[in-house]
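Per-entry structural report
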Amino acid sequence: MATTTSPIDATQADTAIRPFTVNVPEADLVDLHRRIAATRWPSHELVEDRSQGVQLATLRALAEYWTTEHDWRACEAKLNALPQFKTEIDGVDVHFIHVKSRHEDALPLIITHGWPGSVIELLGVVDRLTNPTAHGGRAEDAFDLVLPSLPGYGFSSEPTELGWDVGRTAVAWAELMRRLGYTRYVAQGGDVGSAVTDAMARQAPEGLVGVHLNLFLAGLLDPGPWPATSETERTAIDAVATFNTSGNAYFLEQATRPQTIGYPLLDSPVALAAWLLDHDTDSYYKISRAFLDDEPAGHLTRDQIVDNITLYWLTGTGASAARSYWENGQAEARAGGQAPPEASLPVGFTAFPGEIYAAPRSWVEVAYPNLTYYNAVDKGGHFAAWEEPQIFSEEVRAAFRSLR
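I will try to describe carefully the structure that is included in this document.

What counts and what doesn't
Residues numbered from 1 in each chain as written. Predicted model: local features only at pLDDT ≥ 70, side-chain atom pairs only at ≥ 80, totals over all residues. Heavy atoms only, no water. Helix = DSSP H or I, 4+ residues; strand = E, 2+ residues; numbered from the N terminus. Rg over C-alpha atoms; globule rule 2.2 N^0.38 Å. Buried < 20%, exposed > 50% of the residue type's maximum accessible area, 1.4 Å probe, protein only. Contact = heavy atoms within 4.5 Å. Areas by Shrake-Rupley, 256 points an atom, 1.4 Å probe, with all protein chains shown as cover. Lys, Arg positive; Asp, Glu negative; His and termini not counted. Charge placed at Lys NZ, Arg CZ, Asp CG, Glu CD. Phe/Tyr/Trp six-rings, centres within 6.5 Å; stacked < 30°, edge-to-face > 60°. Pairing = 2+ DSSP bridges. Axes fitted to C-alpha atoms, helices over the stretch in contact; angles between N-to-C directions. Expected span 1.5 Å × (residues − 1). Patch = residues over 30% accessible without salt bridge, like charges linked within 9 Å, V, L, I, M, F, W, Y side chains within 5 Å. Salt bridge = Lys/Arg side-chain N within 4 Å of Asp/Glu carboxyl O. Polar contact = N/O pair within 3.5 Å; in protein donor to acceptor, adjacent residues only side chain to side chain.

1. Looking at the overall build of the protein
Helices and strands together make up the secondary structure of the protein, namely 17 helices and nine strands. For 404 residues, the compact-globule formula gives about 22 Å, and the C-alpha radius of gyration of the protein, at 20 Å, lands near that figure. Along the three orthogonal principal directions, the C-alpha set of the protein runs to about 55 × 50 × 45 Å. The proportion of buried residues among the 404 residues of the protein is 56%. Relative to all contacts within the protein whose residues are 6 or more apart in sequence, the contacts with residues 24 or more apart total 77%. Carbon and sulfur atoms make up 51% of the accessible area of the protein, which totals about 16700 Å². Of the side-chain charges in the protein, 30 are positive and 53 negative, and the distance between the mean point of each set is 3 Å.

Here it is, written out as structure tokens:
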């Protein structure tokens, strides 16, 4: 990923950190339900799997649950039970959750969510990371936690100018940690968040001492060469090929025509839900089973899935979130194939088996010569923190233990 490295001129901006509370007008919820009821449904797909896209039965079950059982106010209460704030950075009003540990010497940690997720996918790890003694950890494993919403996602405002690629976001996150008074911290990310965190590792802002990732984007976006001798490596190559030939439609559309897909995403809640569900095969079938069979995968429950979709709808961020993919593509084009700076900071990585592909250690070592932690776990997928918050939290603790 190309990275932006220009520091932010804090003297030219309002650096105030303001408390924030979620309070959606009831009229917005009434309108949401009205629009779901007015959905024009397509005919049934002509296949028995997801090869033509999100299946009609899954989406009808989701829409039924959305209008009859889901309670957005319960989600609001969960968010408002945590300290939330906003601060303007480089023209964007950044929303973030900031939870300090009660344990002394907690290590500050900033975690960046991805697409089609939000800070909602990270709520299950908040107490596990800030209060580890209540979840099988030790006091010395505690973190002060910062969970920002990406620019144009959730309660962060949309960029009003071009150039907000992952590198610029990485610069903004360094400024956010500086504003919070943290002089030594670590960073974590998956999906888009892994690209932001990778950029932070390569920019190496003052205070950042290490990162942890749970998606190896280079293996998806860069043809290599990647080692291909072991069974694990060949399996990864096959999974990447499958994704790039039949699973990346959302990626191509958002990277090339985000405005076009933005129209239905802002007009139809059901279209938005379908778009957010049509990501990777593993998470799609887990979500489908949650609605059709009431069999959630870990914490990937019906309520939390619809919480996330509703957040995108109520904040009207379907188009602006999609544009982040376009911005990253433009940044890559500007880089002209020039390699980014080497990531000299310590890097930890966890491979989850249900991810788009489980990156072999040999591949991760090619991109990160200073790989200080690697582990392949036996459960979890693309939404690792959401689906398996306990395993995810244990991995984050282990990855950063040597940096305390």
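There is more to say after this.
2. Structural notes on the packing of aromatic side chains
Under the criterion given, the structure shown has 19 aromatic pairs. Through a chain of ring-to-ring contacts, the aromatic side chains of F216, W226, F349, Y357, W363, Y368 and Y374 assemble into a single cluster.

3. Examining the sheet that holds strand β7 (residues 208-213)
Within the open sheet, the nine strands sit side by side as β1-β2-β3-β5-β4-β6-β7-β8-β9. Their pairing is mixed. Each end of this open sheet is capped by a strand with a single partner; those strands are β1 (18-19) and β9 (371-376). Here strand β2 (residues 84-89) pairs with strand β3 (residues 92-99) via six bridges, running antiparallel. From the neighbouring strand, F85 faces β3, where its bridge partner is F96. Seen against the sheet, helix α6 (residues 192-203) touches β4 (107-112), β6 (185-189) and β7 and runs at an angle of roughly 150° to β7.

4. A short note on helix α13 (residues 302-315)
In a regular helix each residue adds 1.5 Å, so 14 residues correspond to 20 Å; α13 covers 20 Å between its end C-alpha atoms and thus fits that length. Of all the 14 residues making up α13, ten are buried; the element is thus mostly covered by neighbouring parts of the structure. The positive-phi residue at the C-terminal boundary of α13 is G316, with phi of around 60°.

5. Quick look at a negative patch on the surface
Together, E64, E69, D71 and D303 line one region of the surface with negative charge. Tracing the sequence through the fold places D303 in helix α13.

6. Remarks on unusual backbone geometry
The omega angle of the peptide bond from W115 to P116 is 10°, so this bond is cis rather than trans. Note that P116 resides in the loop between β4 and α4 (126-130). The phi dihedral of D191 is positive, around 55°, even though this residue is not glycine. Structurally, D191 is set in the loop between β6 and α6. Residues other than glycine seldom take positive phi values, yet D294 does so here, at roughly 55°. Along the chain, the position of D294 falls in the loop between α12 (281-292) and α13.

7. Some remarks on the environment of D165
Position of D165 among the secondary structure elements: in the loop between β5 (143-148) and α5 (166-179). Overall, the relative accessible area of 2% leaves D165 in the buried class. Note: C-alpha distance between D165 and G329 (164 residues apart in sequence) is 8.4 Å. Only 3.0 Å separates the side chain of D165 from the backbone nitrogen of R168, close enough to count as a polar contact.

8. A short note on the environment of P205
Structurally, P205 is set in the loop between α6 and β7. Taking the C-alpha atoms as reference, P205 lies 9.9 Å from R178; in sequence the two are 27 residues apart. Not counting residues within four places of it along the chain, the set of residues in contact with P205 comprises A174, Y185 and M200.

9. Remarks on the pattern of salt bridges
Counting across every chain of the model gives 22 salt bridges. Between R73 and E76 there is a salt bridge whose closest N-O contact spans 2.9 Å. Separated by three residues within a single helix, R73 and E76 lie in helix α3 (residues 72-80), roughly one turn from each other. K78 is paired through a salt bridge with D307; the nearest N and O atoms lie 3.4 Å apart. Taken together, the positions of K78 in helix α3 and D307 in helix α13 put the pair 229 residues apart, joining distant regions of the chain. Relative accessible area serves as the criterion here: at 3%, D307 is assigned to the buried category. In the salt-bridge network here, residues are joined through shared partners; they are D31, R34, R35 and D267.

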